[in-house]
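Read off the chains here:
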Amino acid sequence: MTIAQDREDLLAELAGQNKATIGAVLGTGSIGKATERPDGTMEATIRIPEDAMTWEPAILMLPHGGKIELTIINDDKNTHACLLPSNGERQFIGLLNHSKGRATLELDGPGCYWYGSPAGNDEGRGLTAAIVVGGEVPPEAKLDRPAQPRP
Amino acid sequence: MTVEYVDAGEAFNHSELSNLPHSAPDVTRGINYERILQARSESQNWITYYGDYDGKRHSLLDQINVDNVKNLKVAWIHQASATGLIASTSTYAFEACPLVVDGVMFVTGWDGWLWALDATTGEQLWRYKHAVPFDVTLCCANVNRGCAVANGKVYMVTQNAQLLAIDATNGQKVWQKTIGDVRAGESASIAPLVVKDTIITGSAGGEYGVRGHIDCWDLETGEQRWRTYTVPKPGEPGSETWPADGEAWQRGGANHWVTGTYDPELNLYYAGTGNPAPDFDGEVREGDNLYTDSVVALDVDTGEIKWHYQFTPHDLWDYDSTMEMTLFERDGKKLLAHFDKNGYMFVLDRTNGELQHVTPFVDRIDWGVITRDGKVTPRKYPDKEGEPCHFFPGPAGAKEWTHASYNPEHDLFYVPVADVGATATRRRREFKEGMPYWGAAVEVDIDNMAGSVSAFDSHGEEKWRYRLNNMPMAASTLSTAGNLVFAGTPAGEFMALHAETGEKLWSFQCGSGHHSSPSTYSVNGKQYISVPVGWGGWLEGIVPGLSGQGHGASLITFSL
């Protein structure tokens, strides 16, 4: 059995279409971070590269909960879509071949959210990605107790 | 050559791709404290979690009755199911109690869902979907027990410990408050309760070593009015029941995760509290561990605990006492009845918490004995590290959170009884925030299960029993003036029983197990019975022998 040092090599086998498996295994792609404007609104771009059937980044990190403005690009030569979590209602956008759109989301933090392309089995082939919101809950929502050990 | 991108535009609400009208009549505008005080008198509606502040889950509607219930048929079905990757992907459940106001139903689902439905046709009028993190800490799956309505709004909590006020006419969020710390392992599943100009919530997370609390919020602004912790700090009343020099109180549990009841004359909110943490390792928390496994009577204006009664002192079996405290009167006395996980029915004087009597309500109890005057003697509990201990009832209790109902005409409580044992083997672990903190390996029996809907009078005498076929009950009962008791089974059967005899008069196979609270209402003179169906939740604890049942996620409504 291989061990952790082989992680990059093994990921290369997994990440992509028709390699180790039929599609790309979820969570094996790239990682990116959103930027933040002075007013606290976060910004990021997510993209579907050509013939990859994955989102780049596959994990988008947000420093805290709140509003995020996404630019969404489909560089693929196939039509996809994007269904994203947001407080109130999920946000949907159709993505024709070589198209570009926008989405504004409101997400609580901390927590991990999945989104995907709800078309055929895009989600299973690899077009499912994560938005990871960091940070802490507001101070007034914390328990009245001393700081506790964490794992 | 650079080719311009096709403009895909701006993402929009997914619900736009549906036939939803996105609007509902402004029916909750007129719901206020005065109306909720008289909720049972408007039995055409179901405007608060239990149908009334007293927790009886009894409706005065009698159009559907013992004579005609055999003709009950499906009126409509609301199907929801789950899409995408959600928290508790395999174990989410439909646990809510539907509210109905003047022909509009408001019902919560799992994973931040709230639907407004036409109560006569099931047509979806609007929906709200909160984004719930995939990795939120949930001991007992992705569930929600219901909403509250008042002043033109619908109120609900989410699994990631948010309290939401939503415009009842269009499903738009009005305000949101964070009411717990998800990093500490807190979550929320309770149906909020509107009292006066406030709304009361509680926290979940007792399996993760949090410190339980009950909160009161301004109905209009969401501003916090008070917070009462259900585990005292050193120096506070009750702190003497925790180790003096330890940290146990900081992780003590006692979560209030099921809606309380309320007596407006006494101005008291009766809140049930959950297990101490760690659940099964009592050595790290010597003492009675107040206010775990208790009813605490809170002054609704201040949150002050006026009195308490502890059902299982120094719990070692995970016997939460969060389930309903039913308020009733007998011989001129204001009383409270409670069917505890520990297998005993308690009747208290609700003015001061004085015990009236205790009686067992399940056949197999061997964890210990409680005498009729309340003396508790533990007999079997996980004591030595690594040594298995089998006991009845198991940690899901002789009655889980699901509710009994009470018919005052017959002085009968209709109790969903579970008779299932379990083995706990103490395994001490170090506390780490957000990690499970049980202190044992636990295996609930997958066979030798029993269960029933049992009718007890207020003195604790069993009057009849409808036995299930080798399975426990895991859903709330509903009592109606039609002399009927409605109850759903884990096998999917929804039944109407005769309120005086327990005879089964009607049933319908819903296709998935029941783990929710049915309600009843009428529109234009026609009575309906509505039940959320969808098998899931903490099945490895409640009934592991049926955890492979079909999942499902539908709301089924019946009428004549």
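Counting from 1, residues in each chain are numbered in the order their sequence is written. The naming scheme follows written order: chains are lettered A onward, ligands numbered 1 onward. Per-residue local features of the predicted model are confined to residues with pLDDT of at least 70, and side-chain atom pairs are confined, for both listing and counting, to 80 or more; whole-chain, interface and lining totals are unaffected and use all residues. Think of the side-chain values as coming from all heavy atoms in the structure, minus any hydrogens and water.

Here's the deal with the side chain of Asp320(B)
Residue and element names in this part refer to chain B. Just so we agree on the cut-off: In this description a helix means any DSSP run of H or I spanning at least four residues, a strand means any run of E spanning at least two, and both kinds are numbered starting from the N terminus. In protein, a polar contact means a hydrogen-donor-capable atom and an acceptor-capable atom, both N or O and within 3.5 Å, with residues adjacent in sequence counting only if both atoms are side-chain atoms; elsewhere, any N or O pair within 3.5 Å suffices. Contact criterion: two residues are considered in contact whenever any of their non-hydrogen atoms come within 4.5 Å of each other.
Looking at the element boundaries, Asp320 is found in the loop between strand E20 (305–310) and strand E21 (326–330). A polar contact of 3.3 Å, which involves the side chain of Asp320, links it to the backbone nitrogen of Asn275. Setting aside residues up to four positions removed in sequence, Asp320 forms contacts with Trp257, Thr273, Gly274, Asn275, Asp293, Asp315, Asp340 and Lys341.

Notes on the pairing of strand E33 (residues 462–467) of chain B
Residues and elements named next belong to chain B. Note the following rule: Any two strands with at least two DSSP bridges between them are considered paired.
Relative to E33, strand E32 (residues 450–457) is paired through five bridges, and the arrangement is antiparallel. Bridged to Ser454 within E33 is Arg465. The hairpin formed by E32 and E33 contains four residues between the paired strands, and Gly460 there has a positive phi angle of roughly 95 degrees.

Re the packing of aromatic side chains
Residue and element names in this part refer to chain B. To be explicit about the condition: When the centres of two rings from Phe, Tyr and Trp lie within 6.5 Å, Trp using its six-membered ring, the rings pair. Their planes under 30 degrees apart give stacked, over 60 give edge-to-face, and anything left gives tilted. In this scheme, a residue with accessible area under 20% of its type's maximum is buried, one over 50% is exposed, and one in between is partly exposed, where area comes from a 1.4 Å probe on protein chains only. Charges are assigned to positions over rings by a cutoff of 6 Å between ring centre and Lys NZ or Arg CZ, combined with an angular limit of 35 degrees from the ring normal.
Tallied over the full model, the rule gives 37 aromatic pairs over all chains. A centroid spacing of 6.3 Å and a plane angle of 90 degrees characterise the contact between Trp317 and Tyr381, whose relative ring orientation is edge-to-face. In this pair, Trp317 sits in the loop between E20 and E21 while Tyr381 sits in the loop between strand E26 (376–378) and strand E27 (388–391), placing the two residues 64 residues apart along the sequence. For Tyr381, a relative accessible area of 32% corresponds to the partly exposed category. Against the face of Trp401 rests Arg145, its NZ or CZ located 4.7 Å from the ring centre. Lying over the aromatic face of Tyr229, Arg211 brings its terminal NZ or CZ to 4.0 Å of the ring centre.

So, the interface of chain A and chain B
Quick reminder of the rule: Each of two parts loses accessible area, computed with a 1.4 Å probe, when they are put together; buried area is these two losses added. Salt bridge, as used here, is a side-chain nitrogen of Lys or Arg placed within 4 Å of a carboxyl oxygen of Asp or Glu. Amino acid classes used here: Ala, Val, Leu, Ile, Met, Phe, Trp, Tyr, Cys and Pro are nonpolar; Asp, Glu, Lys and Arg are charged; the rest, including Gly, are polar.
Taken together, the contacts link 50 residues of chain A with 51 residues of chain B. A combined buried area of about 4,300 Å² lies between chain A and chain B, and 51% of that area is made up of carbon and sulfur atoms. Counting every contact that joins chain A to chain B gives 10 salt bridges. Taken together, chain A and chain B are joined by 38 residue pairs in polar contact (both at pLDDT 80 or more). When contributions to the side of chain A that touches chain B are tallied by element, the ones reaching two or more residues are strand E5 (66–74), strand E7 (91–95), strand E8 (99–107) and strand E9 (111–116) of chain A. Top contributing element to the side of chain A that touches chain B by residue count: E8(A), with eight residues. When the residues that make up the side of chain A that touches chain B are grouped by side-chain class, the tally is 21 nonpolar, 16 polar and 13 charged.

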